[in-house]
Amino acid sequence: MKIYTGSGDRGMTSLFSGERVKKSYERVEAYGDVDELNSVLGALATALPAPISGITDEIQRIQSELFHVGAWLATTPDSPSLAVIKKISAQNIEYVESAIDRMQAELPPLQDFILPGGHPSSALAHIARTVCRRAERHVSVLRLEYSAGEVRKQFETVLSFLNRLSDYLFVLARYCNRIQGLKDIVWRR
Amino acid sequence: MSLPKTTPSSIQVTELLKRGWLSKNTFEIELTRPAQFDFAPGQRIRFIHQGSQRDYSLISGPDNETLSLCIRYVERGAFSPILAAARIGSQFHFSGPHGYFLFQPSKRPAIFVSTGTGIAPFCAMARSGITGFTLLHGVRSADELYYAAVFRATAKLYVACLSGASKPAAGGFQGWVTDYLAKHLPPGSYDFYLCGRTEMIRDVTLLIDDRFQGSLVYTEIFY
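This one's a predicted model, so the numbers in the text were calculated from it and none came from an experiment.

Section: the overall build of chain A
Each helix and strand counted, chain A has five helices and four strands in total. The helix and strand sequence of chain A, counted from the amino end, reads β-β-α-α-α-β-α-α-β. Along the first, second and third principal axes, the C-alpha set of chain A runs to 50 × 40 × 35 Å. Expressed as a percentage of its 189 residues, the buried residues of chain A come to 46%. With an accessible surface of roughly 9,600 Å², chain A has 53% of that area assigned to carbon and sulfur atoms. Of the charged side chains in chain A, 23 are positive and 22 negative, and the gap between their average positions amounts to 4 Å.

Below is the structure:
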């Protein structure tokens with residue numbers, strides 16, 4: 001079964017809403033980052049230490065929401081295709097916040113900058129965090145096109161979700177090390 | 001067009017009611033429609049049978065009491081031989097509805113392009129009240145022009161594109177769907193809906209990039 005058509009060989013791609021655009025288009029950059037983030041989260045879920053493998057469910061739920069974010073970003077706001085896409089809501093942000101609070105309660109206070117590393121799962125969480133930050137930057141550029149209205153509101157919700165998700169990944173990185181008995185790697189000037 | 005409320009992951013049971021051959025390698029089946037199973041024209045159902053899964057687009061409209069499918073018989077295929085040989089009354093499991101190949105009303109002319117049994121989702125759309133579109137159906141010979149009567153009654157322009165040796169009837173075209181689009185569709189912006197083989201999807205999409213910039217393209221690949 002062929003999964004390729006070759007219709008993107010000349011540097012163009014189709015948005016979910018049907019437009020043909022250059023692959024360098026900023027909207028493609030934005031949902032490409034979200035796709036990359038989703039992939040790194042998949043790698044992270046496979047590397048979680050056994051004592052916290054239950055977090056896999058949490059990560060997969062976030063991955064599913066990122067699919068919705070990607071589809072929304074791949075759809076131009078005035079398209080009728082938008083009607084079939086689930087939008088991110090405040091509940092999704094609250095879910096991530098509650099996971100942060102749960103892990104944070106078990107971690108010592110942070111008094112220094114820390115270096116990414118330690119357990120492989122922690123290192124992957126840091127990679128996911130930085131990809132998430134890049135997605136956030138690209139989405140914030142797209143948001144500039146919309147000064148008001150429902151689209152602007154949804155951009156703000158998506159940005160809050162990504163912002164909170166990068167915080168989640170930072171805390172998860174520390175949590176993965178902590179569970180393995182590893183200390184934060186403090187930055188030495 | 002919004003999605004129906006039926007949960008795609010829920011497993012449904014259906015029963016084979018009827019089967020009829022449309023050509024030497026394509027047949028149509030009619031199935032019972034489970035209570036409260038809803039779908040939008042252009043969507044697929046996914047058969048689940050002895051560890052294998054296979055998607056087929058519905059050709060019936062959402063208002064029909066039964067579900068119908070148009071199936072190309074593949075001799076060594078995973079599923080079409082089972083459906084071709086199943087006794088009437090046999091039960092099957094499926095999930096769905098799946099897919100986002102839905103008609104999106106707009107001010108631009110709608111151009112439906114299909115090859116072979118890729119005509120299926122357009123049949124469901126025509127049967128659900130969508131009219132005024134241009135439809136190109138690419139096949140080798142005239143006996144594969146399934147549901148022509150449905151499209152003659154609903155399309156603004158219906159073009160049978162025959163790539164084999166047989167000559168098309170009046171209003172038909174001898175050649176590939178891409179040849180027709182390149183030679184006869186005036187440059188402009190359209191809403192293209194493509195359903196069929198990967199080669200057709202690729203060739204038409206590249207033609208759209210060259211000749212019909214500003215158009216929208218919705219695709220559904222038939223393997």
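The discussion continues.
Considerations on the packing of helix α1 (residues 26–47) of chain A against helix α4 (residues 120–143) of chain A
Residue and element names in this part refer to chain A. Between α1 and α4, whose axes approach to 8 Å, the crossing angle comes to 165°. Judged by the inter-axis angle, α1 sits roughly antiparallel to α4. Of the two possible hands of crossing, α1 and α4 adopt the one that is left-handed. Residues belonging to the contact of α1 with α4 are distributed by class as follows: 18 nonpolar, two polar and six charged.

Considerations on the pattern of salt bridges
All names here are of chain B. Taken as a whole and assessed by the stated rule, the structure comprises 20 salt bridges over all chains. For D38, the salt bridge goes to R33, with nearest N and O atoms at 3.9 Å. Given a relative accessible area of 32%, D38 falls into the partly exposed group. Here R197 and E199 are joined by a salt bridge, their closest N and O atoms 3.4 Å apart. With relative accessibility at 39%, the residue R197 sits in the partly exposed group. It is possible to trace a salt-bridge network through shared partners that takes in R44, R46, D55 and E220.

What to know about the packing of aromatic side chains
All names here are of chain B. This structure, assessed with the given rule, holds 26 aromatic pairs over all chains. The interplanar angle of 80° and the centroid separation of 6.4 Å between the aromatic rings of F133 and F151 together place this pair among those described as edge-to-face. Placement of F133 in the loop between α2 (120–127) and β8 (134–139) and of F151 in helix α3 (residues 148–154) is noted, with a sequence separation of 18 residues between them. Taken together, the ring pairs connect F101, F103, F112, F122, F133, F151, Y158, Y193 and Y218 into an aromatic cluster.

Some points on the domain arrangement of chain B
Residue and element names in this part refer to chain B. What the domain assignment reports for chain B is domain 1 (11–98) and domain 2 (110–221). When each unit is reduced to the centre of its C-alpha atoms, the spacing between domain 1 and domain 2 is 24 Å. Taken together, the contact pairs 17 residues of domain 1 with twelve residues of domain 2. Regarding the contact of domain 1 and domain 2, the summed buried area is about 1,200 Å², with carbon and sulfur atoms giving 58% of it.

With respect to helix α2 (residues 55–73) of chain A
Residue and element names in this part refer to chain A. The end-to-end C-alpha distance of α2, which contains 19 residues, comes to 27 Å, matching closely the 27 Å that a straight helix rising 1.5 Å per residue would cover. Of all the residues in α2, the buried ones are I55, T56, E58, I59, I62, Q63, E65, L66, V69, G70, W72 and L73. Residues of α2 that are buried make contact with α1, α3 (90–104), α4 and α5 (149–179).

Remarks on the interface of chain B and chain A
The partner chain A presents 18 residues to the 21 residues of chain B that form the contact. Together chain B and chain A conceal approximately 1,600 Å² of surface at their shared face, both sides included; 60% is due to carbon and sulfur atoms. The interface formed by chain B and chain A holds two salt bridges in total. Of all the secondary structure elements, the ones that give two or more residues to the side of chain B that touches chain A are α5 (198–211) and β12 (216–221) of chain B. Ranked by residue count, the leading element in the side of chain B that touches chain A is α5(B), at eight residues. Its residues placed into classes, the side of chain B that touches chain A shows twelve nonpolar, five polar and four charged.

Conventions and cut-offs
Residues numbered from 1 in each chain as written. Chains lettered and ligands numbered in written order. Predicted model: local features only at pLDDT ≥ 70, side-chain atom pairs only at ≥ 80, totals over all residues. Heavy atoms only, no water. Helix = DSSP H or I, 4+ residues; strand = E, 2+ residues; numbered from the N terminus. Buried < 20%, exposed > 50% of the residue type's maximum accessible area, 1.4 Å probe, protein only. Areas by Shrake-Rupley, 256 points an atom, 1.4 Å probe, with all protein chains shown as cover. Lys, Arg positive; Asp, Glu negative; His and termini not counted. Charge placed at Lys NZ, Arg CZ, Asp CG, Glu CD. Axes fitted to C-alpha atoms, helices over the stretch in contact; angles between N-to-C directions. Parallel < 35°, antiparallel > 145°, perpendicular 65-115°, else oblique. Left-handed = near helix turned anticlockwise from the far one by under 90°. Nonpolar A, V, L, I, M, F, W, Y, C, P; charged D, E, K, R; others polar. Salt bridge = Lys/Arg side-chain N within 4 Å of Asp/Glu carboxyl O. Phe/Tyr/Trp six-rings, centres within 6.5 Å; stacked < 30°, edge-to-face > 60°. Domains from an automatic or database assignment. Contact = heavy atoms within 4.5 Å. Buried area = accessible area lost by both parts, 1.4 Å probe. Expected span 1.5 Å × (residues − 1).

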